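Examining the three-dimensional arrangement
If you want the building blocks of each chain, they are given just below.
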Amino acid sequence: MSEGSRSPVSPTPVALEAGPTAELLAWAAAIESSDATTLEKARHFATRLGAHWQPGGLTTIGFWTPELARDLIQPRNILLEVFTPLESMDPRRPEQTVRFQRDAVQLEKQGDYRWGVVSGLRAGDADTIGSLYWLRYLSPDSNDVRVVGDPLAVSYPFGVQAPAEVYDLEGLQQRRADRAYYEAMAAELATQPVDEHGSSPSVVEIPAPGNILQLHVRTASPNSYISGLTALFQELAGKVRTGLPLTPAETNLVGYDAVQLLPIEPNVEPRAGTADDDDTFSLRPDDESSLDPETEGILSTPGRVKVRLRRPQLQNWGYDVLIFGGAATNPALLETLRPDELVDFVAELHNFPTGPIRLIYDLVYGHADNQAADLLNGRYLKGPNMYGQDMNHQNPVVRAILLEMQRRKVNTGADGIRIDGGQDFKYFNPLSERVEYDDPYLLAMGDLVQEIGPARWRPFVIYEDGRPWPAEGWEEISTYRDLVDLRPDAYQWGPLIFAHNTPALQGFWAHRWRRVCEMMKFGSRWVTGCGNHDTLRRGTQVAATQAINLRLGSTLPDVLANAYDNPAIGALNYGFAPGLPMDFIHCLMRAPWGFFRNTDDRYGVKVVAEEGPGFLNWQISPEQFHDPSLFSTLKQLGFTEFDALRQFLAALGEAIATTDYDLERMVAACQSVAPADADGDATVLDVAWLKAFSRRFMEDMHAACNIWRHEDRVEPVQANFNLALRQFRRARPWLGENLAGSDDRLDLLTTPTTTIFYGLRRAPLQAEPAASQVTSGDGSAVALVAHMGGEAMAIRLPELFPDQTAGWNLLLGSPGLEISGDQLLGAPITLEDSQALLLEPLATARSGDP
């Protein structure tokens, strides 16, 4: 959709259709009177909640409104309010005023639900924004007009504080460019053999990928939108098809079986009435005045109104979700404000020339930001937690709606799901009088079946679950296997990617040796790696006074970059260890990353005080700060020198610790390091200035995190080595399984100043007799020697592997490491910090083979 797109036709009258509505009510009554359980009934109802537009022009509408169930409000004061645009609009404009036709109809109440089949609603599509809708009612307590939004809507073009959009989902699925992918999936299902009962499989079980690339849309996309990612992969596909060379940065994007997006659901938005209020949907005062509770109803008469619209300009790392609107895509990620933009990206991945790249959604359903309490009725929430609000999964209707929300979201075409924070799904069981984990719900999330065209599939599942986190000692206690034990076909984040990894510290890998050994024994169902959205951020929280491994670099930013984009760690994870390796694009691109959100008037200062010092110390160099394209708004505030900003943030961090987040006292504590104003005098600080500074810092921080600002930091030899590791793993899929053979092992060679990992593993024995011999080049055996940190050490291969007397073939060596034939036969090899070798033994029989 763009400026000059087709103008909407004149709206037809909006009306409740009596006959179809009666049929809908009869359907609901039959379910309610059935013998089904409360949860089964709720799951049936959930499929019809929200707005479902039909090609014939009718729209089925359903709302769950238990807060309105007590009949304290006159029915005429609870209305479906509809805004249908009368003119085209440009989604790229930051602000515009648009004429709408406003109508209202009264839905039919049945128990806790309100139902109706409505005519006259216009469905949005790839080119046009459709009718917008919400419920409005007159509060009997305060006599003011309140809103009930649709938590299951698939489109919120102006954010979740604005009305939802009626959308043509059937047309969206018909337009998608990857229909052949789903037709092939359906054809594959038709070829599957029947089971022992003579039944044919009805659902394709999507297998797990061989590796994953984790992306954050706004900082991985060249234009900060999903459309930018689509264009990026289109360009990559073109180069791959024609054999054109890739840049080092582009090399970091290929060789992956799957892409995992950080959460793309709606995030927190500025609250109305705060200093950050962006108010994306606002009527003129004259039009608001027609919402008069003294008239016959809330709305006096249908009519034309003007609405000021603003593009949502939200910046967030993704995890501050609202749950509300979770089936939709965060409009701040959509250049076009159209749901098609996400589907176009999915299709581009599925149509990639080297084979389909699968898409994984990162789903957050265990908690919600506090702002969710303004959007969801009280049944959804159990009370506050460390993130905001606990979700009430034990309420059957909430449980059903959340599962339906997930189904609608994933039905945009995702092949897999990552379930965030499984340890957060807890409840008090009055029967056992204990707090228990809601494992049945976590398993149900993995049971949902998706359907596009002729294809029916069940996505593969990844759980993040570190129970008993956040209990004291959780890092040592957690097994990281609770959910894969219950669901053996799933994956779970392992201890070396879940935990608060800080590989920039001296001796880190020696300290983690127990967990490394567990990975060798149990890791086949673990997601592995070292760098991700959370651990890279944790790396910036290391105090400069700790024992930092300065062999990784001469500055803290270099140390951090080399700790998370590390050849030895890559060789361990891709060349030797079991499991499912995952990389975070910011680690590969050596780009800054952090926890940011520009929408929080209440806690924004706290976030900056806690995140800012580490972000600057560990991820920004003075040269980067003085780049004219970075930190422009902070420079306008007077922070023209890097050290002055660091000094101010240090004072802010100390102030938050000593004032218990009293903003007035924090202002006083920071006045002595205030920046100079335009006249050279110290700026007089107040609370409003401090809040404005925090928002500007996070917006500048967000801009600095875009990976395409740091292409020059990507080292070509390192990017090529990382790609070679991915190709190495793909050629040896057996590496994903646990070490099991009698010869398989990983050993530790450690001194007070050096950590070396070395080991050998072989492919599982095959049925054919020829497979009992290990020969050079057949990919059936791999040895690893990796310097995991510390002083250089000379090693000899015969001393590490005394049983391998025939010599070695070098498969891969880390950048800068030159190995001679004599060294492969036993001459000393001096390994520096982060260097690694992947080797293959020359013709050797397996232990115990004939």
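Further up the page is the structure itself.
Okay, so let's go over this structure. All values reported here derive from a predicted model rather than from experimental measurement.

**Re empty space enclosed by the protein**
- The final tally for this structure, using the stated rule, is nine cavities of 30 Å³ or more.
- In this structure, the largest cavity spans a volume of roughly 220 Å³.
- Around the largest cavity sit 21 residues that line it, and Tyr 564, Gly 570, Tyr 574, Asp 583 and Leu 588 are the ones nearest its centre.
- Looking at the lining of the largest cavity, the elements with two or more residues in it are α19 (567–575), β28 (580–584), α20 (585–589) and α27 (716–731).
- When its residues are assigned to classes, the lining of the largest cavity shows ten nonpolar, eight polar and three charged.

**Side note on the packing of aromatic side chains**
- Counting across every chain of the model gives 42 aromatic pairs.
- Note on Trp 513 and Phe 757: the rings are 5.1 Å apart at their centroids and 50 degrees apart in plane angle, and the pair reads as tilted. A residue pair is termed long-range when its members are at least 10 positions apart, and Trp 513 in helix α16 (residues 513–522) and Phe 757 in strand β30 (residues 754–762) qualify at 244 residues. Take Trp 513 and Phe 757: they sit in the same class, and that class is buried.
- On the basis of an interplanar angle of 55 degrees and a centroid distance of 4.9 Å, the ring pair of Phe 801 and Trp 808 is categorised as tilted. Both residues of the pair, Phe 801 and Trp 808, count as buried.
- Here a set of aromatic residues connected by ring pairs shows up, and it is made of Phe 615, Phe 639, Phe 648, Trp 689, Phe 693 and Phe 697.
- The ring of Phe 728 is capped by Arg 732, whose NZ or CZ atom sits 3.8 Å from the centre of that ring.

**Quick look at helix α21 (residues 604–619)**
- Maximal helix bending in α21 amounts to about 40 degrees, located at Glu 611; proline Pro 613 follows within four positions.
- Within α21, twelve of the 16 residues are buried, which leaves the element mostly enclosed by the surrounding structure.
- Turning to α21, its buried residues are Gly 604, Val 605, Val 607, Val 608, Ala 609, Glu 611, Gly 612, Gly 614, Phe 615, Leu 616, Trp 618 and Gln 619.
- As for α21, its buried residues are in contact with α17 (535–539), α18 (556–564), α22 (622–625), α24 (642–659), α25 (663–670) and α26 (687–704).

**Focus on the layout of surface pockets**
- Estimates place the volume of the largest pocket at around 1100 Å³.
- Along the walls of the largest pocket sit 41 residues, with Trp 317, Asp 320, Met 386, Tyr 387 and Phe 595 positioned nearest its centre.
- Mapped by element, the contributors of at least two residues to the lining of the largest pocket are β17 (367–368), α17 and α21.
- It is α21 that provides the largest number of residues to the lining of the largest pocket, a total of four residues.
- Looking at side-chain class alone, the lining of the largest pocket contains 13 nonpolar, eleven polar and 17 charged residues.

**Considering the sheet that holds β30**
- An order of β29-β30-β32-β36-β34 is seen for the five strands of this open sheet, with the pairing classed as antiparallel. Among the strands making up the open sheet, the edge pair consists of β29 (745–751) and β34 (808–813). Strand-to-strand twist of the sheet, defined as the mean angle between neighbouring strand axes without regard to direction, takes the value 20 degrees.
- For strand β32 (residues 781–790) and strand β36 (residues 836–841), the ladder comprises four bridges, and the chain directions are antiparallel. Each bridged residue has a counterpart across the sheet, and for Ala 783 the counterpart in β36 is Leu 839.
- Running at roughly 165 degrees to β29, α16 makes contact with β29 and β30 of the sheet.
- Sheet strands touched by α19: β29, β30, β32 and β36. Its angle to β32, the strand with the most contacts, is close to 150 degrees.

Cut-off values and rules
Residues numbered from 1 in each chain as written. Predicted model: local features only at pLDDT ≥ 70, side-chain atom pairs only at ≥ 80, totals over all residues. Heavy atoms only, no water. 1 Å grid on protein atoms, 1.4 Å probe; cavity = no way out; pocket = protein on both sides within 12 Å on 5 of 7 lines; lining within 4 Å. Points joined across faces, edges and corners; volume = space filled by probe spheres on them. Helix = DSSP H or I, 4+ residues; strand = E, 2+ residues; numbered from the N terminus. Nonpolar A, V, L, I, M, F, W, Y, C, P; charged D, E, K, R; others polar. Phe/Tyr/Trp six-rings, centres within 6.5 Å; stacked < 30°, edge-to-face > 60°. Buried < 20%, exposed > 50% of the residue type's maximum accessible area, 1.4 Å probe, protein only. Lys NZ or Arg CZ within 6 Å of the ring centre and 35° of its normal. Bend = angle between axes of the 7 residues up to and from the residue. Contact = heavy atoms within 4.5 Å. Pairing = 2+ DSSP bridges. Axes fitted to C-alpha atoms, helices over the stretch in contact; angles between N-to-C directions.

Honestly, it's all geometry; don't read function into it.
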